[in-house]
Amino acid sequence: MITTRLRTLRDHIRWAVSRFHAEGLYFGHGTDNAWDEARQLVVGALHLPWDIADSYLDCRLEEDELSHVQHLLRRRIKERIPAAYLLGEAWFCGLPFIVDERVLIPRSPIAELIGQRFAPWLAGAPERILDLCTGSGCIGIACAQAFPAAEVVLADLSFEALEVANHNIEQHDLELRVFTVQGDGFQSLPEQRFDLIVSNPPYVDAEDFADMPAEYHHEPALGLACGADGLDLVRRMLAEAADHLTEQGLLVVEVGNSQCHVEALYPEVDFTWFEFEHGGHGVFGLTARQCRDHQALFASRV
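Rules used throughout
- Residues numbered from 1 in each chain as written.
- Predicted model: local features only at pLDDT ≥ 70, side-chain atom pairs only at ≥ 80, totals over all residues.
- Heavy atoms only, no water.
- UniProt positions renumbered as here; feature names shortened; annotations may be inferred.
- Helix = DSSP H or I, 4+ residues; strand = E, 2+ residues; numbered from the N terminus.
- Rg over C-alpha atoms; globule rule 2.2 N^0.38 Å.
- Contact = heavy atoms within 4.5 Å.
- Lys, Arg positive; Asp, Glu negative; His and termini not counted.
- Charge placed at Lys NZ, Arg CZ, Asp CG, Glu CD.
- Expected span 1.5 Å × (residues − 1).
- Buried < 20%, exposed > 50% of the residue type's maximum accessible area, 1.4 Å probe, protein only.
- Polar contact = N/O pair within 3.5 Å; in protein donor to acceptor, adjacent residues only side chain to side chain.
- Axes fitted to C-alpha atoms, helices over the stretch in contact; angles between N-to-C directions.
- Parallel < 35°, antiparallel > 145°, perpendicular 65-115°, else oblique.
- Left-handed = near helix turned anticlockwise from the far one by under 90°.
- Nonpolar A, V, L, I, M, F, W, Y, C, P; charged D, E, K, R; others polar.
- Disulfide = S-S within 2.5 Å.
- Core = buried A, V, L, I, M, F, W, Y, C linked by side-chain atoms within 4.5 Å.

Looking at an unreviewed UniProt entry, one finds the protein chain named Ribosomal protein uL3 glutamine methyltransferase, with Pseudomonas quercus as its source organism. Per UniProt, the comment on the protein chain under Catalytic activity (unreviewed entry) is "L-glutaminyl-[ribosomal protein uL3] + S-adenosyl-L-methionine = N(5)-methyl-L-glutaminyl-[ribosomal protein uL3] + S-adenosyl-L-homocysteine + H(+)".

Below is the structure:
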């Protein structure tokens, strides 16, 4: 029961921080601490901007606002639902995206590469971009914003995820150059080639998946777990990527904690492992030439 003494935004944020710590909540879906999570949830519930001036935090809530904010706080605590799902929105590359439990909550460090327009690894502005295993479409749509002349394809196995991605395409008015394709990996893209292929596929290995906090189990397992070492899909992707990249193309793939499995499986391959100023790890890059040179090796280890 939330005390009736809570009246302002600040009251609710302070109370939530205390309860989040006491209840042992986990933060890993856009925030990494109780204060930011509480502020995101309280401010977002009232449709206020994240960077609202602190003076507004002392405003008193109306009765209907109190009821709504407190309802969301209770669900965050009791059901361990991440704030982004409770709000139906997450931010990625400074852009808002519709999210629900059909898709993962955007949080990839690939955002930093998009902000840098993949320099210096990408040779020129890409004409065609593929976001493979797109989920909400956040990576591909952010790429479309970074490269305003590019055509972007968002591909995913899940029809449900692509429904969300289509809503996000519409929200960002990109229907004329961003398209969705349903299929398993590259199978739905025969003979298509791209200057840039970016993917945040399922890559969580069996051990990590079993140990995940409750918050992660609200996300679709199809977007997280992928075999004993997490690389079931990545193996196939590497074996086929050369057939879908243009001559100067670039492949960028996130594998997170499964980086150790990638390095153990392909010790002969000189992956570029990107470093991130704002946190994150386990994202590699390969040029089209590297994908071609190692294609036989990749195919032998699928």
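Enquirer: I'd love a proper account of the overall build of the protein chain, names of residues and values included.
Expert: Within the protein chain, the regular secondary structure consists of twelve helices and nine strands. Computed over its C-alpha atoms, the radius of gyration of the protein chain comes to 21 Å, within 12% of the 19 Å expected for a compact globule of 302 residues. Seen through its principal axes, the protein chain has C-alpha atoms that stretch 65 × 40 × 35 Å. For the protein chain, contacts bridging at least 24 residues in sequence account for 68% of all contacts bridging at least 6. Side-chain charges in the protein chain split into 23 positive and 47 negative, and the spacing between the mean points of these groups amounts to 6 Å.

Enquirer: Please give an account of the UniProt feature "domain: Methyltransferase small" (unreviewed entry) in the protein chain that cites residues and values.
Expert: Following the UniProt record, the feature "domain: Methyltransferase small" (unreviewed entry) maps to residues 127-208 here. The distance from the first to the last C-alpha atom of residues 127-208 is 37 Å, and the span holds 30% helix and 27% strand.

Enquirer: Any details on helix 1 (residues 9-23)? Residues and values, ideally.
Expert: Taking 1.5 Å per residue as the helical rise, helix 1 with its 15 residues ought to reach 21 Å, and the 21 Å between its terminal C-alpha atoms agrees with that figure. Along helix 1, the positions that sit buried rather than exposed are Leu9, His12, Ile13, Trp15, Ala16, Val17 and Phe20. In this structure, the buried side of helix 1 is in contact with helix 2 (34-45) and helix 3 (63-78). Of the residues that open helix 1, the one with a side-chain oxygen 3.4 Å from the backbone nitrogen of Arg10 is Thr8.

Enquirer: Break down unusual backbone geometry for me, with residues and values.
Expert: Here the amide bond leading from Ala119 into Pro120 is cis, since omega sits at 5 degrees, within 30 degrees of zero. Secondary-structure assignment places Pro120 in the loop between helix 5 (110-115) and strand 3 (128-132). Not every positive phi belongs to a glycine, and Glu191 is a case in point at roughly 65 degrees.

Enquirer: I'd like a description of the environment of Val69, backed by residues and values.
Expert: Among the structural elements, Val69 can be located in helix 3. A relative accessible area of 1% places Val69 in the buried class. Along the primary structure Val69 and Leu233 are separated by 164 residues, whereas in three dimensions their C-alpha atoms are 40 Å apart. Excluding its chain neighbours within four sequence positions, the residues that come into contact with Val69 are His12, Val42, Ala45, Leu46 and Leu61.

Enquirer: Explain the packing of helix 1 against helix 3 to me, using residue names and the numbers behind them.
Expert: Packing of helix 1 against helix 3 leaves a shortest axis separation of 10 Å and a crossing angle of 15 degrees. In terms of their interaxial angle, helix 1 and helix 3 are classed as roughly parallel. As helix 1 runs across helix 3, the sense of the crossing is right-handed. Only Leu66, Val69, Gln70, Leu73, Arg76 and Ile77 of helix 3 make contact with helix 1, whose side of the interface consists of His12, Trp15, Ala16, Arg19, Phe20 and Glu23. Here the residues of the contact of helix 1 with helix 3 are counted per class, giving seven nonpolar, two polar and three charged.

Enquirer: Give me the lowdown on the state of the cysteines, citing residues and values where you can.
Expert: Counted by the stated rule, this structure contains zero disulfides. Cys143 provides the cysteine sulfur closest to Cys93, a residue in no disulfide bond, and the two sulfurs are 7.6 Å apart. Sulfur of Cys291: no disulfide; nearest cysteine sulfur belongs to Cys133 and is 15 Å away.

Enquirer: Give me the side chain of Thr8: which residues, what numbers.
Expert: Note on placement: Thr8 falls in the segment before helix 1. A polar atom in the side chain of Thr8 sits 3.4 Å from the backbone nitrogen of Arg10. Engagement of the side chain of Thr8 in a polar contact is seen with the backbone nitrogen of Asp11, the distance being 3.0 Å. Not counting chain neighbours up to four residues away, the residues in contact with Thr8 comprise Leu57, Asp58, Cys59, Arg60 and Leu61.

Enquirer: Give a detailed account of the environment of Ala146, specifying residues and quantitative values.
Expert: With respect to the element layout, Ala146 can be found in helix 6 (residues 138-146). Overall, Ala146 belongs to the buried group, its relative accessible area being 18%. Between the C-alpha atom of Ala146 and that of Leu87, which follows or precedes it by 59 residues, the distance is 26 Å. Look past the residues within four positions of Ala146 in its chain and what remains in contact with it is Ile114 and Arg117.

Enquirer: Explain the nonpolar core to me, using residue names and the numbers behind them.
Expert: Ranked by size, the top nonpolar core spans 35 residues in total, and within it Leu9, Phe20, Val69 and Leu73 carry the most contacts. Elements with a contribution of two residues or more to this core: helix 1, helix 2, helix 3, helix 4 (83-87) and helix 7 (159-171). Setting aside residues no more than four positions away along its own chain, Phe20 makes contact with Leu25, Phe27, Ala34, Glu37, Ala38, Leu73, Arg76 and Ile77.

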